[in-house]
Amino acid sequence: MTDHALDLLRQRPDLAELAAYPFNFDLDRADHVEAVRLASGGSLVPIAGDDTGGTFFVCDGGRVLYASSEGQAGLIGDSVTEALEVIVGLPSWHDCVSLAPADSPDGEQRIRDDLAELEEEFLEYVPELATFRADLRAGLGLPERSPTELVARLYDALIRTEPEYLLLNADELLAYEPLDRHPRPPLWQTVLGPGRADLALLRADPAAWEEVAGDGTRRAVVLRAAQYDRREEDLPFLRLLLKREADEAGMSDELRLAVVLVGLRGLPEDLPLLREVHETTYDTWCGLGGMPQDAAALADWARDLDESEYGTDPADEGELAWIALADRQGLTEHARAALIRMLDDTGPDAEILRSLRQGREPGPYSGADRPRLRTLSHELELIGDLAQAARAQRLYVSLQDTAWSRASEGCTLARLERERESLESAAAALRGVVTALGADDPRAASLGPGTVSEPVQTALDVPIAEAGPDAAEDTSAQGWHNYGLGMSVVGEHFRLAIAAGEAGVPVLASAAYATGERLLRQLIPAGRAGCAELAKEAEAVARTAAGASVPDAPGAAT
């Protein structure tokens, strides 16, 4: 997409020079300090930079994203022209990013006073500012707007940065921090919006009940809306939502919520429906366990479940619940951004940074948030972001304190790396698995040296205290070949061999197959039988990829 102002800057050296000084929009500084990409995978084209190391990027739709050299980023305009209006009209715009449009005359006057002070400071260094500004505006055809209007435009752009334009370090996949300090609405407000609209529709128009109840996503979100806005007159359509959820979705968190919302009334006429739902399937029978047989105890049972699981304040609900509903609604980028922010705030480095922000000396990693890493890996995989899922899983593997858990979780990491077509990373994960199992054999073909047993070190160079037994005393993985873990490890080697062969990487295909075949021989007969077909396929692919150079492996399929 072309932009008139950007085209003029590229065609007119005099205007480009004026934009570079004093307005710090330099076409010759378009190289950012590090490789970056948008979390959404959208287009990102650097067009200019400034003397602080910051870079201006054009994104999909022409919007302009500014990234500082210190790890902050934000939209500053819907086009290069709009961004230049801000940059030229507010030459100290970096100091304006936390200003918000005034909601009163007094507030507007305070903003004008702040802007006048910034302008005065800038004039000390650039006395000809007014002339330069007029010349560049005239040359680019920029309208003259008041400073307060430009602040409002900058604010409007900044608060729309996420989720679509969340910027990541391309190597480590860490998110840039917001360029400003403006508060954003919580995710639950965005997710509940359609549900609240449907709730109002159900209350106003019974003809809409079947349409809403028949859509699984709308049904789930409107039940959440009803949870936080409870009215006695809602009971008739809540019964319908409950019945549809039981018939179409089976046991779910939304089904349990619908049971609670209906059961709280304690009406005898609702007990047959609730008992029918309870006995729909084995899963509902277990998931709704404890449901009373008589109406007298129904309200108390529902009230206890409500207090322990639900409540009336959406802010009390866990963020993962809103992330799941966002994804169901098709708000994938909202879900992705929230998960990445959670991941950035989890693990040893995040704990260290929290301590530093609180003025405390960082100590050994407590491990309190370690289980969340596995959850985040799973949730990121569900929304299709395998790179971030692998990042979470990689950190999770590094924090395991037994050989068994390192091998088991390392196998999951290898799968994620393979599925995102990062085959060398998958091989590295499997090297760690083999090392954890104690299955190394220096005489046999392998994927290379294992490194998983090395001490974990964080990015801030603060060591993590070892929580588990010493390697020499860790016997948790003994007998791995007698369990499902053995089949998983062997199977992942063969799947990597197939993926590498199909990708045209014969050396890796051969090495993965050879290691998998060696490990296969250590499995119990049932395990070998379970991997037999996969072994045959891996052998065939590896032979084809390597030009039939794979050595015979008579035990592979037996």
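A. Representation of the overall build of the chain in the model. Along its length, the chain carries 25 helices and seven strands. For the chain, the spread of C-alpha atoms along the principal axes amounts to about 85 × 75 × 50 Å. Taken over 558 residues, the chain has a buried fraction of 47%. Carbon and sulfur atoms provide 50% of the accessible area of the chain, an area that totals close to 26,000 Å². Here the chain contributes 51 positive and 98 negative side-chain charges, whose respective centroids are spaced 5 Å apart.

B. Up close: the pattern of salt bridges. Counted under the stated rule, the structure contains 48 salt bridges. Linking E85 and R145 is a salt bridge whose minimum nitrogen-to-oxygen distance equals 2.5 Å. With E85 in helix 3 (residues 80-89) and R145 in the loop between helix 5 (129-140) and helix 6 (147-158), this residue pair connects regions lying 60 residues apart in the sequence. When its relative accessible area of 7% is taken as the criterion, E85 is described as buried.

C. Structural view of unusual backbone geometry. The step from Y21 to P22 runs through a cis peptide bond, and the omega angle for that step is 15°. Here P22 lies in the loop between helix 2 (13-20) and strand 1 (36-38). In this structure, P163 follows E162 across a cis peptide bond, with omega equal to 15°. Relative to the helices and strands, P163 resides in the loop between helix 6 and strand 6 (167-169). The phi dihedral of N24 is positive, around 60°, even though this residue is not glycine. Overall, the relative accessible area of 22% leaves N24 in the partly exposed class.

D. Main features of a negative patch on the surface. Together, D95, D113, D114, E117, E120, E121 and E124 line one region of the surface with negative charge. Position of D113 among the secondary structure elements: in helix 4 (residues 105-125).

E. Main features of helix 16 (residues 332-344). Taking 1.5 Å per residue, 13 residues should reach 18 Å; helix 16 reaches 18 Å between its end C-alpha atoms and fits that length. Considered for burial, the residues of helix 16 that qualify are E333, A335, R336, A337, A338, L339, I340, M342 and L343. Lining the buried residues of helix 16 we find strand 6, helix 7 (187-204), helix 15 (319-328), helix 18 (370-382) and helix 19 (386-398).

F. Spatial organisation of the side chain of E379. By secondary structure assignment, the location of E379 is in helix 18. No salt bridge forms around the buried E379; measuring N to O, its nearest opposite-charge neighbour R374 is 9.3 Å away. Contacts of E379, omitting those with residues within four sequence positions, involve L320 and L339.

Reading guide: rules and limits
Residues numbered from 1 in each chain as written. Predicted model: local features only at pLDDT ≥ 70, side-chain atom pairs only at ≥ 80, totals over all residues. Heavy atoms only, no water. Helix = DSSP H or I, 4+ residues; strand = E, 2+ residues; numbered from the N terminus. Buried < 20%, exposed > 50% of the residue type's maximum accessible area, 1.4 Å probe, protein only. Areas by Shrake-Rupley, 256 points an atom, 1.4 Å probe, with all protein chains shown as cover. Lys, Arg positive; Asp, Glu negative; His and termini not counted. Charge placed at Lys NZ, Arg CZ, Asp CG, Glu CD. Salt bridge = Lys/Arg side-chain N within 4 Å of Asp/Glu carboxyl O. Patch = residues over 30% accessible without salt bridge, like charges linked within 9 Å, V, L, I, M, F, W, Y side chains within 5 Å. Expected span 1.5 Å × (residues − 1). Contact = heavy atoms within 4.5 Å.

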